Amino acid sequence: MLDINLIVNNPTYVHDALLKKGFDVDFAPLISLYEQRKKLIAQGDELKTQKNKLSASVPVVKKEGGDVEAIFRQVKELNAEIQKFDAELAKVEEDIFAFMSPLPNMPDDDLLAGEKENNKVIKVFGEKPTFDFAPLDHVQLCEKLGLVDYERAAKVSGRGTWFYTDLGARLEWALLNYFIDTHINDGYKFILPPHILNEESGYTAGQFPKFKQDVFWLEGVEPKKFILPTAETALVNYHRNEILKEEDLPEKLFAYTPCYRCEAGSYRTEERGMIRGFQFNKVEMFQYATEKNSRQSFDELVDKACKLVENLGLHFRLSKLAAGDCSHSMARTYDIEVYIPSMGIYKEVSSASNANDYQARRGNIRYKDSQTGKIKYCHTLNASGLATSRVFPALLEQCQNADGSVTIPHVLRKYLGGMEKIYPKK
RNA sequence: GGAGAAGUACCCAAGUGGUCGAAGGGGCUCCCCUGCUAAGGGAGUAGGCUUGUAAAAGGGCGCGAGGGUUCAAAUCCCUCCUUCUCCGCCA
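So, how was this worked out
- Residues numbered from 1 in each chain as written.
- Chains lettered and ligands numbered in written order.
- Predicted model: local features only at pLDDT ≥ 70, side-chain atom pairs only at ≥ 80, totals over all residues.
- Heavy atoms only, no water.
- Phe/Tyr/Trp six-rings, centres within 6.5 Å; stacked < 30°, edge-to-face > 60°.
- Buried < 20%, exposed > 50% of the residue type's maximum accessible area, 1.4 Å probe, protein only.
- Helix = DSSP H or I, 4+ residues; strand = E, 2+ residues; numbered from the N terminus.
- Lys NZ or Arg CZ within 6 Å of the ring centre and 35° of its normal.
- Pairing = 2+ DSSP bridges.
- Axes fitted to C-alpha atoms, helices over the stretch in contact; angles between N-to-C directions.
- Contact = heavy atoms within 4.5 Å.
- Domains from an automatic or database assignment.
- Patch = residues over 30% accessible without salt bridge, like charges linked within 9 Å, V, L, I, M, F, W, Y side chains within 5 Å.
- Areas by Shrake-Rupley, 256 points an atom, 1.4 Å probe, with all protein chains shown as cover.
- Salt bridge = Lys/Arg side-chain N within 4 Å of Asp/Glu carboxyl O.
- Near = heavy atom within 4 Å.
- Polar contact = N/O pair within 3.5 Å; in protein donor to acceptor, adjacent residues only side chain to side chain.
- Core = buried A, V, L, I, M, F, W, Y, C linked by side-chain atoms within 4.5 Å.
- Parallel < 35°, antiparallel > 145°, perpendicular 65-115°, else oblique.
- Left-handed = near helix turned anticlockwise from the far one by under 90°.
- Nonpolar A, V, L, I, M, F, W, Y, C, P; charged D, E, K, R; others polar.

(A) Here's a closer look at the packing of aromatic side chains. Taken as a whole and judged by the stated rule, the model has 17 aromatic pairs. Summarising the aromatic geometry, the rings of Trp 217 and Phe 226 are spaced 5.3 Å apart at their centres and angled 55 degrees between planes, so their arrangement reads as tilted. For Phe 226, a relative accessible area of 0% translates into the label buried. When the centroid spacing of 4.8 Å and the interplanar angle of 85 degrees are considered together, the rings of Phe 298 and Tyr 334 count as edge-to-face. Taken as a pair, Phe 298 in helix α10 (residues 294-310) and Tyr 334 in strand β12 (residues 332-340) lie far apart in primary sequence, 36 residues in all. A residue is classified by how much of its surface remains accessible, and Phe 298, at 0% relative accessible area, is buried. On the basis of relative accessible area, Tyr 334 is assigned to the buried category, the value being 9%. Site record: aromatic cluster; members linked through ring pairs are Tyr 150, Trp 162, Tyr 164 and Phe 392. The ring of Trp 217 carries the charged tip of Lys 224 above its face, separated from the ring centre by 5.4 Å. We note Lys 304 situated over the ring of Tyr 188; from NZ or CZ to the ring centre the distance is 4.6 Å.

Okay, here's the thing in structure tokens:
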């Protein structure tokens, strides 16, 4: 949620910022609603003051034997009027909410306008692997090494899903453990959140209303619940409606969850295998920060995500996204994309973002400034660290050998009983 | 799924229609005494929103959430959420 005061006081600034994301918003109706709201509150409060004073005088008047009935009548009349103001106010606030809630976050000032074409690669690690043999793609490798079973998953579940089998499951688990241990070492608090969330949580994350169609809803459950599309949704709601202490910030968390997404109609043949599925595993980093230190938190998250891929020895690039390519709720997003040789393209394995106070406003997440004692909105940040569904194929493809085996990165070997290579099954 | 009970400020807890923003503890802060990892005495300390100022000052909201009754609700009624106890279910 944007700051309505900022919009009212500086509509041009906000307009131009949102334009960088491709939103051309006319704020005139909102400003007029805001003025109406202010007026209605002032008028309503004045009536309530009168009412409260009259009501409070009742016991005194009673004791003195005065005319209590006259007061009752007066208050009743006031109540009728107050009700009118309150109803009108409720309507205006509803309109304000309807106007505000679909608006995306404003991009940071230094971001370029526009979409993907204006993304800027700011770092490249390693280089494209070259093969002196005909390399296989990850679907073939999974098949030959017996790591993943798509066919049976289609039988048991449907398209867009898979079984990790045997060494495949162990490799997946090794990746997750490698991520988890790294974050624990870095002082992040490990969280295993619920996977079934209420609607309010989706709203706070800024994923609703935009992505309501893209998550799985539980049928027949009231109040409505959905299955989380990313651990971020749970983590950003962890402190919803709370006031934190400044000295506890930044608070650094991470969580492991599968991520469940409908991704309706987005399946393409290019995205075979596990590049895109209804369910994938992800370890998510998250920070609650202050305005002062959120930029530092952001850099830390980006750095941590990069290191995870670097230490796997995988070729990747880091891009600073243009405003229009940043997530809806985010003021700033950097993507880490790992190279998939069979596709000849880079695929996202981590997206690091700073929401500034956008999510905090939606979820009413604040902190008390230790100097002034004032209550301020937190800044919230998240970064995948990492999603395995693209790391796994990239690893197989980038680390494959002429004999059909795949070399296991050093950092994973301790989770696989010291195994150095996975060989094709006989 | 059924039957009960409960949700009050940082924590415990009193309060069943009217000067209740809410007794009393604990905690925390400061002072005194004592003097050294004890104890005692005194004082202070309670939300959030909004209007607004240099600072002030004021008003509205507030006792799980949302409705309702009433001139007046922490207190009565309804719905929901959460927690606890008992029963049932449990791949």
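(B) Representation of the sheet that holds β12 in the model. Reading across from one edge, β1-β11-β12-β13-β16-β10-β9-β4 is the order of the eight strands in this open sheet, with mixed pairing throughout. Whereas interior strands pair on both sides, the edge strands pair on one side only; in this sheet they are β1 (120-125) and β4 (189-191). On average, adjacent strands in this sheet sit at an angle of 25 degrees to one another, irrespective of strand direction. Pairing between β1 and strand β11 (residues 316-320): five bridges, direction antiparallel. Paired with Lys 120 across the two strands is Lys 320, which belongs to β11. Across the sheet, helix α7 (residues 167-185) is in contact with β4, β9 (251-260), β10 (279-289) and β16 (379-387); its angle to β10 comes to roughly 10 degrees. Against the sheet, helix α12 (residues 388-398) contacts β10, β12, β13 (345-354) and β16, and its axis sits at roughly 35 degrees relative to β12.

(C) Focus on the domain arrangement of chain A. What the domain assignment lists for chain A is domain 1 (26-100) and domain 2 (116-422). The C-alpha-based centres of domain 1 and domain 2 are spaced at 49 Å.

(D) Quick peek at a nonpolar patch on the surface. Where nonpolar side chains cluster on the molecular surface, the patch consists of Ile 184, Phe 190 and Leu 192 and spans about 300 Å² of accessible area. Among the structural elements, Phe 190 can be located in strand β4.

(E) Main features of the protein's contact with RNA strand B. In the vicinity of RNA strand B lie 17 residues, with Asn 52, Lys 62, Val 75, Asn 79 and Arg 366 positioned nearest. Within 4 Å of the protein, the contacting atoms of RNA strand B are drawn from sugar and phosphate to the extent of 72%. Note that a sugar or linking oxygen of RNA strand B is positioned 3.0 Å from one of the side-chain N or O atoms of Asp 45. One of the side-chain N or O atoms of Ser 55 is found 3.4 Å from a sugar or linking oxygen in RNA strand B. The element that contributes the greatest number of residues to the surface near RNA strand B is helix α3 (residues 28-63), accounting for nine residues.

(F) Highlighting the nonpolar core. By size, the foremost hydrophobic cluster in this structure holds 51 residues, and its most contacted members are Leu 147, Leu 314 and Leu 412. Among the elements that line this core, the one with the most residues is α7, at eight residues. Contact partners of Leu 412, with chain neighbours within four places excluded, come to Leu 171, Ala 174, Leu 175, Tyr 178, Leu 312 and Leu 395. Val 8, Leu 18, Tyr 203 and Tyr 358 belong to the second largest nonpolar core, which has 32 residues in total.

(G) Seen up close, the pattern of salt bridges. Enumeration according to the criterion identifies 20 salt bridges in this entry. One salt bridge in this structure joins Glu 199 and Lys 212, with 2.9 Å as the shortest N-O distance. Linking Glu 199 in helix α8 (residues 199-204) with Lys 212 in the loop between α8 and β6 (216-217), this pair joins segments that are 13 residues apart in sequence. When its relative accessible area of 26% is taken as the criterion, Glu 199 is described as partly exposed. Residue classification places Lys 212 among the partly exposed positions, given a relative accessible area of 30%. Between Lys 292 and Glu 246 there is a salt bridge, with its nearest N and O atoms 3.2 Å apart. Of this pair, Lys 292 sits in the loop between β10 and α10 while Glu 246 sits in the loop between β8 (243-245) and β9, and the two are 46 residues apart along the sequence. For Lys 292, a relative accessible area of 60% translates into the label exposed.

(H) Structural context of the pairing of β16. Across the nine residues of β16, nine count as buried, placing the element largely inside the fold. With seven bridges joining them, β10 and β16 adopt antiparallel strand pairing. When the bridges of β16 are listed, Glu 284 appears paired with Ser 384. Both β13 and β16 contribute to a ladder of three bridges, which runs antiparallel. Bridging across to β16, Asn 354 finds its partner in Leu 381.

(I) Geometry of the packing of α3 against helix α4 (residues 68-100). Two numbers describe how α3 lies on α4: the axes approach to 8 Å, and their chain directions differ by 155 degrees. Accordingly, the angle class assigned to the pair α3 and α4 is roughly antiparallel. Note that α3 runs across α4; the crossing there is left-handed. Partitioning the contact of α3 with α4 into residue classes produces 22 nonpolar, eight polar and nine charged.

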